[in-house]
Amino acid sequence: MNLFQDGDFTSHAGLPLNWKLECDAITDDEWRCLAKMIMDYQTEPFYEAVGIPRGGNKLAVALNQYASGNPKDFTLICDDVFTTGTSMLDFIKEKYPN
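Criteria and cut-off values
- Residues numbered from 1 in each chain as written.
- Predicted model: local features only at pLDDT ≥ 70, side-chain atom pairs only at ≥ 80, totals over all residues.
- Heavy atoms only, no water.
- Helix = DSSP H or I, 4+ residues; strand = E, 2+ residues; numbered from the N terminus.
- Buried < 20%, exposed > 50% of the residue type's maximum accessible area, 1.4 Å probe, protein only.
- Contact = heavy atoms within 4.5 Å.
- Areas by Shrake-Rupley, 256 points an atom, 1.4 Å probe, with all protein chains shown as cover.
- Patch = residues over 30% accessible without salt bridge, like charges linked within 9 Å, V, L, I, M, F, W, Y side chains within 5 Å.
- Salt bridge = Lys/Arg side-chain N within 4 Å of Asp/Glu carboxyl O.

**Quick word on the overall build of the chain**
And step 1. The secondary structure content of the chain amounts to 3 helices and 4 strands.
And step 2. The linear arrangement of helices and strands in the chain, starting from the amino end, is β-β-α-β-α-β-α.
And step 3. Burial analysis of the chain (98 residues in total) assigns 24% to the buried set.
And step 4. Put simply, of all contacts in the chain between residues at least 6 apart along the chain, 47% involve residues at least 24 apart.
And step 5. For the chain, the accessible area works out to roughly 7,000 Å², and carbon and sulfur atoms hold 53% of it.

**Re a nonpolar patch on the surface**
And step 1. Side chains of Leu3, Phe4, Trp19, Leu21 and Val81 sit close together on the surface and give an oily, nonpolar patch of about 490 Å² of accessible area.
And step 2. Here Leu3 shows up in the segment before β1 (4–10).

**Things to note about the side chain of Glu22**
And step 1. Tracing the chain through its elements places Glu22 in the loop between β2 (16–21) and α1 (28–39).
And step 2. Assessed through its relative accessible area of 14%, Glu22 is described here as buried.
And step 3. Once you skip the residues sitting within four places of it in the chain, Glu22 turns out to touch Met1, Asn2, Leu3 and Gln5.

**Quick notes on the environment of Asn57**
And step 1. Looking at the secondary structure, you find Asn57 in helix α2 (residues 57–63).
And step 2. The spacing of Asn57 and Asp79 is 22 residues in sequence and 7.3 Å in space, taken between C-alpha atoms.
And step 3. Among residues more than four places away in sequence, those in contact with Asn57 are Gly51 and Ile52.

**So, the pattern of salt bridges**
And step 1. Counted by the stated rule, this structure contains 5 salt bridges.
And step 2. Across the pair Arg54 and Asp24 runs a salt bridge whose closest N-O atoms are separated by 3.1 Å. Within this pair, whereas Arg54 is found in the loop between β3 (46–51) and α2, its partner Asp24 is found in the loop between β2 and α1, the two being separated by 30 residues in sequence.
And step 3. With relative accessibility at 60%, the residue Arg54 sits in the exposed group.
And step 4. By relative accessible area, Asp24 is classed as partly exposed at 44%.
And step 5. For Asp29, the salt bridge goes to Arg32, with nearest N and O atoms at 2.1 Å. Taken together, the residues Asp29 and Arg32, both in helix α1 and 3 residues apart, mark about one turn of the helix.

Now the structure itself:
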C-alpha cells in the first residue's frame, strides 16, 4: 500500500480529489515519530488525545504517551488528514456539544 495515491477520490466532505494520503500505510513506529514531531511544537500540556474515528485513532494512541492525565488540561482532538475540516467539526459537535 502506498502512502501517496494518485486517482479519483472523494473527501469526507464529498469533494472530489485527484490524490490522497493513505494513512493506513503508516506504521506504528512512524505514528510514534509523527507524535514526537508534533510535540516539538505542542507547548501546552493536554489531558488526553482523542482521535477522530477512524483516521485519528493511531495518532491519538501515539500522542497519549505525552498526555498529562490532568483533567484541568484541554483534550487534544486529532485526525490523520485535515482537508476541509468537516470531519473535525462534525466530531466536535457530536462529542463536545457545549
